[in-house]
Amino acid sequence: LKSWIRAMKGRPAAALPTEAFFSNVPYNTSEEHLREIFSTAGEVANLQLFRKNGESRGMGVVTFLDPESVQRAVQMLRDVDVGDRKLWVSTHNRSPELERGGAAPTVPTTSSKVFFSNVPFDVGEEQLQM
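The rules we used
- Residues numbered from 1 in each chain as written.
- Predicted model: local features only at pLDDT ≥ 70, side-chain atom pairs only at ≥ 80, totals over all residues.
- Heavy atoms only, no water.
- Buried < 20%, exposed > 50% of the residue type's maximum accessible area, 1.4 Å probe, protein only.
- Helix = DSSP H or I, 4+ residues; strand = E, 2+ residues; numbered from the N terminus.
- Pairing = 2+ DSSP bridges.
- Arc of directions from axis to C-beta.
- Contact = heavy atoms within 4.5 Å.
- Core = buried A, V, L, I, M, F, W, Y, C linked by side-chain atoms within 4.5 Å.
- Salt bridge = Lys/Arg side-chain N within 4 Å of Asp/Glu carboxyl O.

Asker: So what exactly am I meant to see when it comes to the pairing of strand 1 (residues 19-23) here?
Answerer: Side-chain positions along a regular strand alternate between the two faces of the sheet. Across the five residues of strand 1, five count as buried, placing the element largely inside the fold. The side-chain alternation of strand 1 yields two buried faces, one formed by Glu 19, Phe 21 and Ser 23 and the other by Ala 20 and Phe 22. Alignment of strand 1 against strand 3 (residues 55-64), held across four bridges, turns out to be antiparallel. Of the residues in strand 3, the one forming a bridge with Glu 19 is Thr 63.

Following this line, the structure appears as structure tokens:
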């Protein structure tokens, strides 16, 4: 956390993320329960659970009052059990292009890892590698 804060020194306050993306939450988890979990990392200003047709999609965005809380949430809460599922938490930066309805910017990467979530429990590793 301290190295992250040092790296961010001198950047405008608007550049520091105050939001964290979360996923892999059981669909029956309430916003109140998620708010309790995230409040262990810092004061929660807002929590939005993504929904489709009124039903939870098992993911969302939490907004904290300060950027340090976002980093604490990522460090403390990633892989915490929520309803027998491992919570995924990462920093969330809103893109100005996305806010205006444009396409997300392309980010070059050398990683070969892909993140996915909400896979049914009965799906095996062999099926994922197909």
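Asker: Explain unusual backbone geometry to me, please; I cannot follow it from the model alone.
Answerer: A negative phi angle characterises most non-glycine residues, just as the trans form characterises most peptide bonds. Non-glycine residue Asn 53 carries a positive phi angle of around 55°. Along the chain, the position of Asn 53 falls in the loop between strand 2 (44-52) and strand 3. Taking the relative accessible area as the measure of exposure, Asn 53 reaches 77% and is therefore exposed. One non-glycine residue with positive phi stands out, namely Asp 84, at about 65°.

Asker: What exactly am I supposed to notice about helix 2 (residues 31-38) here?
Answerer: Given 3.6 residues per turn, any residue in an α-helix points the same way as the ones three and four places further on. All buried positions along helix 2 are accounted for by Leu 34, Ile 37 and Phe 38. Each buried residue of helix 2 sits inside an arc of 90° when the element is viewed along its axis, so together they form one side. For helix 2, exposure combined with an orientation more than 90 degrees from the buried face picks out Glu 32 and Glu 36. Structurally, helix 2 contributes buried residues whose contacts are with strand 1, strand 2, strand 3, helix 3 (67-77), strand 4 (81-82) and strand 6 (88-92).

Asker: What's the story with the nonpolar core in this structure? I'm lost.
Answerer: For soluble globular proteins, nonpolar side chains are generally found buried alongside one another. By size, the foremost hydrophobic cluster in this structure holds 19 residues, and its most contacted members are Phe 22, Phe 38, Val 62, Phe 64, Leu 77, Leu 87 and Val 89. Looking at this core, the elements with two or more residues in it are strand 1, helix 2, strand 2, strand 3 and helix 3. Sort the elements by how many residues they give to this core and helix 3 lands first, with four residues. If we skip the residues at most four places from it in the chain, Val 62 touches Thr 18, Glu 19, Ala 20, Phe 22, Phe 38, Val 44, Asn 46 and Leu 47.

Asker: Whenever I open this one, the pattern of salt bridges confuses me. Can you help?
Answerer: By the definition in use, this model includes two salt bridges. With a closest N to O distance of 3.5 Å, Arg 51 and Glu 31 form a salt bridge. Of this pair, Arg 51 sits in strand 2 while Glu 31 sits in helix 2, placing them 20 residues apart in sequence. The partly exposed category is assigned to Glu 31, whose relative accessible area is 27%. With a shortest N-O distance of 3.3 Å, Lys 86 and Asp 81 are connected by a salt bridge. Classification of Lys 86 as partly exposed rests on a relative accessible area of 45%.

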